[in-house]
Amino acid sequence: MPKPKVFVTRRIAQEALDMIAAAAEMELWHDELPPPRDVLLDKVRNVEGLLSLLTDNVDAELMETGPKLKIVSNFAVGYDNVDITQATQRGILVGNTPGVLTETTADFTFALLLATARRLLEADNYTKKGNWNTWGPMILLGRDIHHATLGIVGCGRIGLEVAKRARGFDMEVIYYSSTRRSPEEEENMGLEFVPSLATLLSRADFVTIHVALTPETHHLISATEFARMKPTAILINAARGPIVDQQALYQALKSGQILAAGLDVTENEPIPLDSPLLTLDNVIIAPHIASASVVTRTKMAVMAAENLIAGLRDEQPPNCVNPEAAEHQR
Ligand code: DGY
């Protein structure tokens, strides 16, 4: 029996590539940049499996071009780059990588929070530029994290891990979710549920976003929301860029409507070099690396390989976002 063909859109941990190569005839895209659209379309023409990244747009056109596709294994917990409705209708299973990146992403969220509040990058720049002439009682004053109020938007795995870290800093933690309230965690972790996003924004010293990108959460934080925040507030986004209206964010940061922002994600990635956000000192922007630890990225790769291989074997992937697609399989 010939092995099924798969296309892997970027180099991932070798352990996972070895697993895939043992189970399938694998073509691997070696470049640092994603395959251009026309190349991606060409590559899926004959494959049964695709291991995609969040930079690959897996839409109806792509699925139409790859009529043999059985499984799309997305190397991420988020899957807003995949048209799940289309995949399900066409009987294509979609896998993702939840759980293994939760703590690593929460760690990085907290790193952004600490770094923006205590102006870490400005301080580093100050030193390296030779501006450190003496100990100064008024230089680089930041905001306290301990005993401040942290507002978590969304109450999923990553939001809860961020809440856990906040407790170690004696923060007051409030959260708002339009989809999930968790009385057990409120009790166990001392979280306070607030009845609206508006309430959260008006009370929080730090606002951190942990919702998925959906049509409902697109530009969830825009000019109206910035107007509700404290002038000393700091916004952290390690979820998806388009949840925040970036133009409104720029205005809010520039005008002093809010104090600072720490971003791991931007509306367009990579952020264009002429983006006005890059001219501001009160924003830290990382290149979407919250899950980027050696161990976590290896676990994600193995999980993505397992999902891919299960789909090729007509089994339900261990982490499948649309198991109902099996009913539509040809
Ligand atoms: C995800 O998994 O969705 C992250 O954004 C990348 O790790």
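Description of the structure in this document. (Residues numbered from 1 in each chain as written. Predicted model: local features only at pLDDT ≥ 70, side-chain atom pairs only at ≥ 80, totals over all residues. Heavy atoms only, no water.)

**Points about the site of the ligand**
Rules: Any residue with a heavy atom positioned within 4 Å of a molecule or strand is treated as near that molecule or strand. Pairs of N or O atoms within 3.5 Å make up the polar contacts considered here, provided that, within protein, one atom can donate a hydrogen while the other can accept it, and that residues adjacent in sequence are counted only when both atoms are side-chain atoms. Computed with a 1.4 Å probe, the accessible areas rest on the Shrake-Rupley method; for each residue, only the protein chains presented here act as cover. For this scheme, ten residues count as nonpolar: Ala, Val, Leu, Ile, Met, Phe, Trp, Tyr, Cys and Pro. Four count as charged, namely Asp, Glu, Lys and Arg, and the remainder, Gly too, count as polar.
Around the ligand, the structure places Leu54, Ala76, Val77, Gly78, Leu101, Arg240, His288, Ser291 and Met300. A distance of 2.9 Å separates an oxygen atom of the ligand from a polar atom in the backbone of Gly78. Contact distances for the ligand include 2.6 Å between an oxygen atom and a side-chain N or O atom of Arg240. Taken by itself the ligand offers 230 Å² of open surface, and the protein chains cover 89% of this. Its residues placed into classes, the shell around the ligand shows 5 nonpolar, 3 polar and 1 charged.

**Focus: the sheet that holds strand S7 (residues 172-176)**
Rule in force here: Two strands form a pair only when DSSP identifies at least two bridges running between them. Only DSSP runs of H or I with at least four residues qualify as helices, and only runs of E with at least two residues qualify as strands; both kinds are numbered from the N terminus onward. In this analysis, two residues are considered to be in contact whenever any of their non-hydrogen atoms come within 4.5 Å of each other. For helices, the fitted axis covers only the stretch in contact; all axes are lines through C-alpha atoms, and the angles between them, taken along N-to-C directions, range from 0 to 180 degrees.
Sheet architecture is open: 7 strands sit in the order S8-S7-S6-S9-S10-S11-S12, paired in parallel fashion. Looking at which strands have only one partner, the edges of the open sheet turn out to be strand S8 (192-193) and strand S12 (283-285). The strands touched by helix H7 (residues 157-168) are strand S6 (149-153), S7 and strand S9 (206-209); relative to S6, the strand with the most contacts, the crossing angle is about 170 degrees.

**Describing the sheet that holds strand S4 (residues 71-74)**
Where strands meet in a sheet, backbone hydrogen bonds hold them as pairs that are either parallel or antiparallel. Taking strand neighbours across the sheet as the criterion, the 5 strands line up as S2-S1-S3-S4-S5 in an open arrangement whose pairing is parallel. Two strands bound the open sheet, and with one partner strand each, they are strand S2 (25-28) and strand S5 (93-95). Taking the axes of each pair of neighbouring strands and ignoring which way they run, one obtains an average angle of 15 degrees across the sheet. Here S4 runs beside S5; their pairing, made up of 3 bridges, is parallel. Each bridged residue has a counterpart across the sheet, and for Ile71 the counterpart in S5 is Leu93. Its contacts with the sheet put helix H1 (residues 14-23) on strand S1 (5-8), S2 and strand S3 (49-52), and the angle it makes with S2 is roughly 140 degrees.

**Looking at unusual backbone geometry**
Note that the residue after Glu269, namely Pro270, is joined by a cis bond; omega there is 0 degrees. Structurally, Pro270 can be placed in the loop between strand S11 (260-263) and S12. Here Leu140, not a glycine, exhibits a phi torsion of approximately 50 degrees, which is positive. Tracing the sequence through the fold places Leu140 in the loop between helix H6 (120-128) and S6. Not every positive phi belongs to a glycine, and His219 is a case in point at roughly 55 degrees. Examined against the element boundaries, His219 turns out to sit in the loop between S9 and helix H10 (223-228).

**A few points about the packing of aromatic side chains**
Defined as follows: Any Phe, Tyr or Trp ring, taking Trp's six-membered ring, that has another such ring centre within 6.5 Å forms a pair; planes under 30 degrees apart are called stacked, those over 60 apart edge-to-face, and the others tilted.
Counted according to the given criterion, the structure contains 3 aromatic pairs. A ring pair is formed by Tyr175 and Phe193, whose centres lie 5.3 Å apart and whose planes are at 70 degrees; its orientation type is edge-to-face. Pair noted here: Tyr175 is in strand S7 and Phe193 is in strand S8, with a separation of 18 residues, a long-range link. Ring pairs connect the aromatic residues Tyr175, Tyr176 and Phe193, which therefore count as one cluster.

**Let's talk about the layout of surface pockets**
What counts is decided by this rule: Lining residues are defined by having an atom within 4 Å of a point belonging to a cavity or pocket. Those points lie on a 1 Å grid over the protein atoms alone, cavities being sets where a 1.4 Å probe fits but cannot get out and pockets being open sets with protein on both sides within 12 Å along at least five of seven lines. Grid points are joined across faces, edges and corners, and a volume is the space filled by probe spheres set on the points. Annotation comment: domain bounds sourced from an automatic or database domain assignment.
Put simply, the second largest pocket is a space of about 320 Å³. Within the lining of the second largest pocket, the residues separate by chemical class into 3 nonpolar, 8 polar and 5 charged. Of the domains in this structure, domain 1 (5-99 + 294-328) and domain 2 (102-285) are the two that each give at least three residues to the lining of the second largest pocket.

**A closer look at the pairing of S6**
Short version of the rule: For every residue, the accessible area (1.4 Å probe, protein chains only) is compared with the maximum for its type, and the residue is labelled buried under 20%, exposed over 50%, or partly exposed between those bounds. A clockwise path from the first strand over the helix to the second, with the strands pointing away from the viewer, defines a right-handed crossover.
Of all 5 residues that make up S6, 5 are buried, and the element is covered over most of its length. Burial along S6 is two-sided: the residues Thr149, Gly151 and Val153 and Leu150 and Ile152 are all buried. Bridging between S6 and S7 involves 5 bridges; their strand directions are parallel. Each residue of the ladder has a partner; that of Thr149, found in S7, is Glu172. With H7 bridging S6 and the parallel S7, this β-α-β connection has right-handed handedness.

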